[in-house]
Amino acid sequence: MSSNSGAESSNASNEAEKPPIEKFHLPTPEEIRGQDIWNNCAVRSVVSGVMGGGLGVMMGIFFAALDNPIMQDTMTTRQQLAYTARQMGQRSWSNCKTFAVMGFVFSAAECVVEKYRAKHDTTNTVVAGCVTGGAISARGGPQAACVGCAGFAAFSVAIEKLLERYE
């Protein structure tokens, strides 16, 4: 009798471990159309560039607000406000361009590599990071482009592992 109750308890624990069955539904035509639009590399790249530009503007405003004018003691309040506003505008525009290019290039490279390889894995991220890092630091010469490629690829992989996008 005790052996029978052991079998019942193990059977009950197996049933408790099973996840509940969820209903499967087919995507609607609107969902399919939305996926088709988002899977277009041009659309994905432009959206990423615009979002990167927006992030750059916000970061420029934030970091420029933290700067103090060098000649703070000799400037009036109005001059300090004008200086800070000018710095915010310059930094925002600079960061906007940088982050827009970064978002656009990374997204385009990842999408093109993903479509070419027909796989969705970390290798796409490594290649896209390398292309982006090399493109951003290309003005510094070939050595800077190689360092930028390696650095941005490593950073991209670290972020992917942190977010655990691929398993």
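A brief structural summary.

Conventions used here
- For every chain, the first residue of the written sequence is number 1, and numbering continues from 1 onward in sequence order.
- In keeping with the model being predicted, local features are shown solely for residues with a pLDDT of at least 70 and side-chain atom pairs are shown and tallied solely at 80 or more, while totals for entire chains, interfaces and linings include all residues.
- With hydrogens and water excluded, all non-hydrogen atoms of the structure serve as input to the side-chain values.
- Salt bridges are identified by distance alone: a Lys or Arg side-chain nitrogen within 4 Å of an Asp or Glu carboxyl oxygen.
- Only protein chains enter the accessibility calculation, which uses a 1.4 Å probe; a residue is then buried when its area is under 20% of its type maximum, exposed when over 50%, and partly exposed in between.
- Secondary structure is summarised from DSSP: a helix means a run of H or I of at least four residues, a strand means a run of E of at least two, and numbering begins at the N terminus for each.
- Pairs of N or O atoms within 3.5 Å make up the polar contacts considered here, provided that, within protein, one atom can donate a hydrogen while the other can accept it, and that residues adjacent in sequence are counted only when both atoms are side-chain atoms.
- By definition in these notes, contact holds between two residues if any of their heavy atoms fall within 4.5 Å.

**Quick notes on the pattern of salt bridges**
If you walk through the whole model with that rule in mind, you get one salt bridge. One salt bridge in this structure joins D121 and R117, with 2.7 Å as the shortest N-O distance. Judged by its relative accessible area of 22%, D121 falls in the partly exposed class. Judged by its relative accessible area of 27%, R117 falls in the partly exposed class.

**What to know about the side chain of S107**
As for its position among the elements, S107 is in helix α4 (residues 77-117). Accessibility expressed as a relative area gives 7% for S107, which makes it buried. A distance of 3.4 Å separates the side chain of S107 from the backbone oxygen of R44, its partner in a polar contact. With residues up to four places along the chain from it excluded, the contact list for S107 reads R44, S45 and S48.

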